[in-house]
Amino acid sequence: MTGARAPRPVRLALFVVVYGWRYLKANVQVAATILTGRPRLAPALVEVRLRCRTDAEVAAYMGLITLTPGTMAVSLSPDRTRLIVHGMHASDTTAFRADLARLEAELLDAVRRLERGGTAPNGMEEG
């Protein structure tokens, strides 16, 4: 991709809005499960590989997962490269993993600085 990347404060503000929408949808889903009295639970534990590199990134990602109703970060591998996550509505574990990966990518895009040359720290071109 080409083009200028938005300044970090703008990216952080957009991330807050995107995460807020995710949070609201998760609350509605959990509330519906409780209020209908007919739980459609599909609990699952999944392992995800982390792209987070710093302690702050890992802590923020785990916090966001645990804050989201219906999900919980359960265990971090000793080498900090894998995370076990519990999902209350995870009937499709592939989609659940993809959703977690999307959250991580959105977080990293919002908090990471650009490296010299206009590339992101993950090696992807900015734009």
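The coordinates are above.
Residues numbered from 1 in each chain as written. Predicted model: local features only at pLDDT ≥ 70, side-chain atom pairs only at ≥ 80, totals over all residues. Heavy atoms only, no water.

Within the structure shown, the criterion is met by 2 aromatic pairs. A centroid spacing of 6.3 Å and a plane angle of 25 degrees characterise the contact between Phe15 and Tyr19, whose relative ring orientation is stacked. Of this pair, Phe15 and Tyr19 both sit in helix H1 (residues 8-36), separated by 4 residues, roughly a single helical turn. Residue classification places Phe15 among the buried positions, given a relative accessible area of 10%. (Phe/Tyr/Trp six-rings, centres within 6.5 Å; stacked < 30°, edge-to-face > 60°. Helix = DSSP H or I, 4+ residues; strand = E, 2+ residues; numbered from the N terminus. Buried < 20%, exposed > 50% of the residue type's maximum accessible area, 1.4 Å probe, protein only.)

Turning our attention to unusual backbone geometry. Look at Arg80: it is not a glycine, yet its phi comes out positive at around 60 degrees. With respect to the helices and strands, the residue Arg80 is situated in the loop between strand S2 (71-76) and strand S3 (82-87). Since its relative accessible area comes to 42%, Arg80 is described here as partly exposed.

Here is a general trend for soluble globular proteins: nonpolar side chains tend to be buried in one another's company. Judged by nonpolar contacts, the single largest core of 21 residues is most densely connected at Tyr61, Ile65, Leu83, Val85 and Leu100. Broken down by element, the residue count for this core peaks at 6 residues, all from helix H3 (residues 93-111). Beyond its immediate chain neighbours, meaning those up to four positions away, Leu100 contacts Val46, Val48, Tyr61, Ile65 and Val85. (Core = buried A, V, L, I, M, F, W, Y, C linked by side-chain atoms within 4.5 Å. Contact = heavy atoms within 4.5 Å.)

As a further point, take H3. In a regular helix each residue adds 1.5 Å, so 19 residues correspond to 27 Å; H3 covers 27 Å between its end C-alpha atoms and thus fits that length. All of the buried residues in H3 are Phe96, Leu100, Leu103, Glu104, Leu107, Leu108 and Ala110. Here the buried residues of H3 occupy an arc of 165 degrees about the axis, which is enough to place them on one side. Looking at the buried positions of H3, the neighbouring elements they touch are H1, strand S1 (44-49), helix H2 (55-67), S2 and S3. Near the N-terminus of H3, the side chain that reaches the backbone nitrogen of Thr94, with its oxygen 3.2 Å away, is that of Asp92. (Expected span 1.5 Å × (residues − 1). Arc of directions from axis to C-beta. Polar contact = N/O pair within 3.5 Å; in protein donor to acceptor, adjacent residues only side chain to side chain.)

Estimates place the volume of the second largest pocket at around 390 Å³. Elements represented by at least two residues in the lining of the second largest pocket include exactly H1 and H3. For the lining of the second largest pocket, the element with the highest residue contribution is H1, accounting for 6 residues. Across the lining of the second largest pocket, the residue classes tally to 10 nonpolar, 7 polar and 4 charged. Of the residues that make up the lining of the second largest pocket, three or more belong to each of domain 1 (8-38) and domain 2 (40-117). (1 Å grid on protein atoms, 1.4 Å probe; cavity = no way out; pocket = protein on both sides within 12 Å on 5 of 7 lines; lining within 4 Å. Points joined across faces, edges and corners; volume = space filled by probe spheres on them. Nonpolar A, V, L, I, M, F, W, Y, C, P; charged D, E, K, R; others polar. Domains from an automatic or database assignment.)

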